[in-house]
Amino acid sequence: MFSMNQKLHDKAIEVLNKNWKDGFTVPCEGLYPFQWDWDSGFIALGWMHIDLERSFMEIKSLLKGQWSNGFIPHIIFHNPADTYFPGPEVQASHLSPFASKIPTSGITQPPVLGWVMGEIYTFAKADPRTLPFISEVYDAAYRAHQYLYTHRDPHNEGLVYICHNWEAGTDNTPVWDAIWETMDSPEYELERKDNVHIAASHRPSNREYQHYIHLIELFKSWHYDDATIAAKSPFLVQDPLFNAMLIASNEALITLGNLLNKTAEVSQLKKWNTLSKLRYEEKLYDSDLKGYVYYDLRNNRPLRHLSSSSFTALFAGIPSAERASEMVSNFQGGRFSGIDNNLLLCASFDPESEQFDPKRYWRGPIWINLNWLIYRGLQRYHQDTLADRVKKDTLHLMEKYGFYEYFDPRKEEDALLTDGYGGANFSWSAALTLDILNR
Ligand code: GLC
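Residues numbered from 1 in each chain as written. Predicted model: local features only at pLDDT ≥ 70, side-chain atom pairs only at ≥ 80, totals over all residues. Heavy atoms only, no water.

## Brief notes about the site of the ligand
What counts, and what does not: For this purpose, a residue is taken to be near a molecule or strand whenever a single non-hydrogen atom of the residue falls within 4 Å of it. As used in this structure description, the phrase polar contact means that two N or O atoms lie within 3.5 Å; if the pair is within protein, one of them must be able to donate a hydrogen and the other to accept it, and residues adjacent in sequence are counted only when both atoms belong to side chains. Following the grouping adopted for this structure description, the nonpolar residues are Ala, Val, Leu, Ile, Met, Phe, Trp, Tyr, Cys and Pro, the charged ones are Asp, Glu, Lys and Arg, and the polar ones are all others, Gly among them.
Taken together, the neighbourhood of the ligand is formed by Pro27, Tyr32, Trp36, Trp38, Asp39, Gln109, Gly169, Asp171, Tyr361, Trp362, Phe426 and Trp428. Here aspartate 39 contributes a side-chain N or O atom positioned 2.6 Å from an oxygen atom of the ligand. Within the backbone of glycine 169, an N or O atom sits 2.6 Å from an oxygen atom of the ligand. Taken together, the residues of the shell around the ligand sort by class into eight nonpolar, two polar and two charged.

## Re the side chain of arginine 203
How we decide: Under the DSSP-based scheme used, a helix requires at least four consecutive residues in state H or I and a strand at least two consecutive residues in state E, with every element numbered from the N terminus. In what follows, residue pairs with any heavy atoms lying within 4.5 Å of each other are defined as contacts.
Relative to the helices and strands, arginine 203 is located in the loop between α9 (194–197) and α10 (206–221). For arginine 203, the side chain forms a polar contact with the side chain of tyrosine 32, separated by 3.0 Å. Once you skip the residues sitting within four places of it in the chain, arginine 203 turns out to touch Tyr32, Arg192, Asp194, Asn195, Ile198, Tyr209, Arg360, Tyr361, Glu405 and Tyr406.

## Let's talk about the packing of aromatic side chains
Worth spelling out the cut-off: A pair of aromatic rings is counted whenever rings of Phe, Tyr or Trp (Trp by its six-membered ring) have centres within 6.5 Å, and the orientation is called stacked for planes under 30 degrees apart, edge-to-face for over 60 and tilted otherwise. Geometrically, a charge over a ring is one whose NZ (Lys) or CZ (Arg) sits within 6 Å of the ring centre while staying within 35 degrees of the ring normal.
Tallied over the entire structure, the rule returns 40 aromatic pairs. Between tyrosine 401 and phenylalanine 407, the aromatic rings sit 6.1 Å apart at their centres with planes inclined by 45°, giving tilted as the arrangement. The ring of tyrosine 209 carries arginine 192 above its face, with NZ or CZ at 3.9 Å from the centroid. Here the basic side chain of arginine 323 rests over the ring of tyrosine 285, its NZ or CZ set 3.8 Å away from the ring centre.

## Focus on the layout of surface pockets
Spelled out, the test is: Residues are called lining when one of their atoms sits within 4 Å of a cavity or pocket point, these points coming from a 1 Å grid over the protein atoms alone, where a cavity is a set in which a 1.4 Å probe fits but cannot get out and a pocket is an open set with protein on both sides within 12 Å along at least five of seven lines. Grid points are joined across faces, edges and corners, and a volume is the space filled by probe spheres set on the points.
By volume, the largest pocket is sized at about 250 Å³. Lining the largest pocket are 14 residues, and of these Trp115, Gly118, Glu119, Thr122 and Ala252 sit closest to its centre. Secondary-structure elements contributing two or more residues to the lining of the largest pocket are α5 (113–124), α12 (240–259) and α15 (368–380).

## Regarding the sheet that holds strand β4 (residues 237–238)
As a reminder, the rule being used: Two strands form a pair only when DSSP identifies at least two bridges running between them.
Reading across from one edge, β3-β4-β7-β8 is the order of the four strands in this open sheet, with antiparallel pairing throughout. With partners counted over all chains shown, the strands left at the sheet margins are β3 (161–162) and β8 (301–303), one partner each. Across three bridges, the pairing between strand β7 (residues 294–296) and β8 is antiparallel. Directly across from tyrosine 294, in β8, lies its bridge partner leucine 303.

## Concerning unusual backbone geometry
Omega for the peptide link from phenylalanine 85 to proline 86 comes to 0°, which places this bond in the cis form. For proline 86, the location among the structural elements is in the loop between β2 (75–76) and α4 (88–91). With omega at 5°, the peptide bond leading from leucine 345 into cysteine 346 counts as cis. Mapping cysteine 346 onto the fold places it in the loop between α14 (321–328) and β9 (366–367). We note that tryptophan 362 has phi near 65°; this positive angle belongs to a residue other than glycine.

## Focus: helix α16 (residues 384–401)
Rule in force here: An expected span of 1.5 Å times one less than the residue number is assigned to each helix. The cut-offs for exposure are 20% and 50% of the maximum accessible area for each residue type, with area from a 1.4 Å probe on protein chains only; residues under the lower value are buried, those over the upper are exposed, and the others partly exposed.
For α16, spanning 18 residues, the distance from its first C-alpha to its last is 26 Å, which sits close to the expected 26 Å at 1.5 Å a residue. Burial in α16 covers these residues: Leu386, Ala387, Arg389, Val390, Asp393, Thr394, Leu395, Leu397, Met398 and Tyr401. Trailing α16 by a residue or two, glycine 402 shows a phi angle of about 90°, which is positive.

## A few points about the packing of helix α2 (residues 37–50) against helix α3 (residues 52–63)
To keep things clear, this is the line we draw: Between N-to-C directions, angles span 0 to 180 degrees; the directions come from axes that are lines fitted to C-alpha atoms, helices contributing only their stretch in contact. Roughly parallel covers angles under 35 degrees, roughly antiparallel covers those over 145, roughly perpendicular covers 65 to 115, and oblique covers all other angles. We call a crossing left-handed when the near helix sits turned anticlockwise from the far one by less than a right angle, and right-handed when that turn is clockwise.
Running from N to C, α2 and α3 point in directions that differ by 165°, and their axes come no closer than 6 Å. One element, α2, and the other, α3, form an angle in the roughly antiparallel class. In the crossing of α2 with α3, the sense of the turn from one axis to the other is left-handed. Of the residues in α3, those touching α2 at Asp37, Ser40, Ile43, Ala44, Trp47, Met48 and Ile50 are Leu52, Arg54, Ser55, Glu58, Ile59 and Leu62. Partitioning the contact of α2 with α3 into residue classes produces eight nonpolar, two polar and three charged.

## Some details on helix α13 (residues 263–284)
The condition that has to hold: Read the arc as the range of directions from the helix axis to the C-beta atoms.
Relative to the 32 Å expected for 22 residues at 1.5 Å per residue, α13 spans 31 Å between its end C-alpha atoms, a close match to the ideal helical length. Turning to α13, its buried residues number three or more, namely Glu265, Val266, Leu269, Trp272, Asn273, Ser276, Tyr280, Lys283 and Leu284. All buried residues of α13 fall inside an arc of 145° around its axis, so they share one side. Opposite its buried face, α13 presents the exposed residues Thr263, Ala264, Lys271, Thr274 and Glu282, each directed more than 90 degrees away. Those residues of α13 that are buried are in contact with α6 (130–151), β4, α12, β5 (285–286), β6 (291–292) and β7.

## Topic: the pattern of salt bridges
Note the cut-off: The salt bridge definition used is simple: a Lys or Arg side-chain nitrogen within 4 Å of an Asp or Glu carboxyl oxygen.
Under the definition given, this model contains 29 salt bridges. Measuring nitrogen to oxygen at the nearest pair gives 3.6 Å for the salt bridge that ties arginine 54 to aspartate 51. Take aspartate 51: its relative accessible area is 27%, and that puts it in the partly exposed class. Between arginine 301 and aspartate 296 there is a salt bridge, and its shortest N-O distance comes to 2.8 Å. Relative accessible area serves as the criterion here: at 25%, arginine 301 is assigned to the partly exposed category. A network of salt bridges, in which partner residues are shared, links Glu119, Arg376, Asp435 and Arg439.

Limitation: the analysis is restricted to geometry and does not speak to function.
If you want it as C-alpha cells, here you go:
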C-alpha cells in the first residue's frame, strides 16, 4: 500500500475503534448514538478486514433487535443517549405485539444482511470461524426476507414497499416531495437534535420532519400492524435501492443456503428472486431517464427522477449488459458527470434537476455507501474505467476532508472547501474506505 493510503487506512481504523461500543458501532458519536440497520452492514465490511470477530458481533448485535415476525428494525436502542430525536419513547416499538425485548424503531432499512453475509463469507471463508458464524445467523436473515415478501408485497409482485422515508436510507431525497404534497401532517412542535449538531442548511426542513414524525404517529396508532399500514399509509413506495438490496441479499442467501443444505429455503428464495428481478426490470426502469425510478404504490404513479439509487441495480446484477451501458452514459458526459466533467461522482440526486441541492442531506451531496455500491456495480459489469473513477473520487474526498457523512459534488466548490458535510468521523465512510483500500 502507498504511504498516503496507509495513512488513510490507519485513520479509518481509528474512527471505527472510537465508534465501537462494546458489541456494535455507532454511525456517528452524538448525531447517531445507537445501532442502525444498514450502517451495521457496511460497518461489518470494514471490521472484517481488521477484526473478523467484531464484524460478527456487529451483526449479532443487530439481530438482538429482530422482532418475532422476522422484521429487522432500522434503529436498535441498545444504550441510553439523549443526543438523538426521535428516541425510543417516541418510536414506542412495544406497541407492536411482535417487538423485541430491546427497544427499537418500528420501521426498517434496506435489507443488507444477506448480501453482507455473502461478502464476509467470500472474504473470510478460509477462517474456521466463518462458516459457523454464517450458519448461526442464516435463519434470522432468511426470516427477514420472509417477513418482507409476506407483509410488504400486497399484490405479490415481487417488489416490496417501504412505508417511511427513513426506510429508504436516502432520507431526504427530493423524490419524496411529491408524496409530502399529498399529506396534511400536523405542525408538531419538535425537539430536533440534529440541528444542534449540524448546520440547519445541510439538514431536512422542519416541515419535512413533521411529515416523518406524522408517519410514525400513524403507525403507532395502528400498533405497527402491517396490514393496516399497507391499507392506509400515505407513504407506500417501491424503492429501486431497497429492492436491489433485497435481490442481492436473496442471491447471497441462495449461495450460502446451498453450502448449508438449506433446501427448502433455497427453493423459496429462488422463487422470490426470479419474480423480483423480472418485475424490477419491467416496472422500475425508465428508458427516457436511463435509470431505475421509484414507484408510488399509494398513488399509482412512477416518481420520475434519477438519483444515486437509480444505479444500484448494477451491483445486484439485475440489468442486461446493454441496459447497463445505457445507464452508465449518465456518468460519461451525462447528468451526473456534468457537461464539462465538473462534478465528482456520484451526486445523490440528479444534478440537472431544479430540486438538486449540492449541500443538503440526500438532495445532491455524495454519500460514500452509494458510491461504494455503484463502484461495485460498475465492476460487476466490467465498466472498469468508470469504476476506477468512482474509486478515485471517493478516495480523494476521504483524503482531503476525512470521513465525513456527505460531500459537495461540485469540483469548483471542492477547490474552495475545507470540510465535508454532516457528521465527522462517520463510521460507514471509514469502513467502506477500508474495504476499497483492501480490495
Ligand atoms: C442518516 C442516513 C441514514 C443512516 C443514518 C445513520 O439518517 O440518512 O441512511 O442510516 O443516518 O447513519
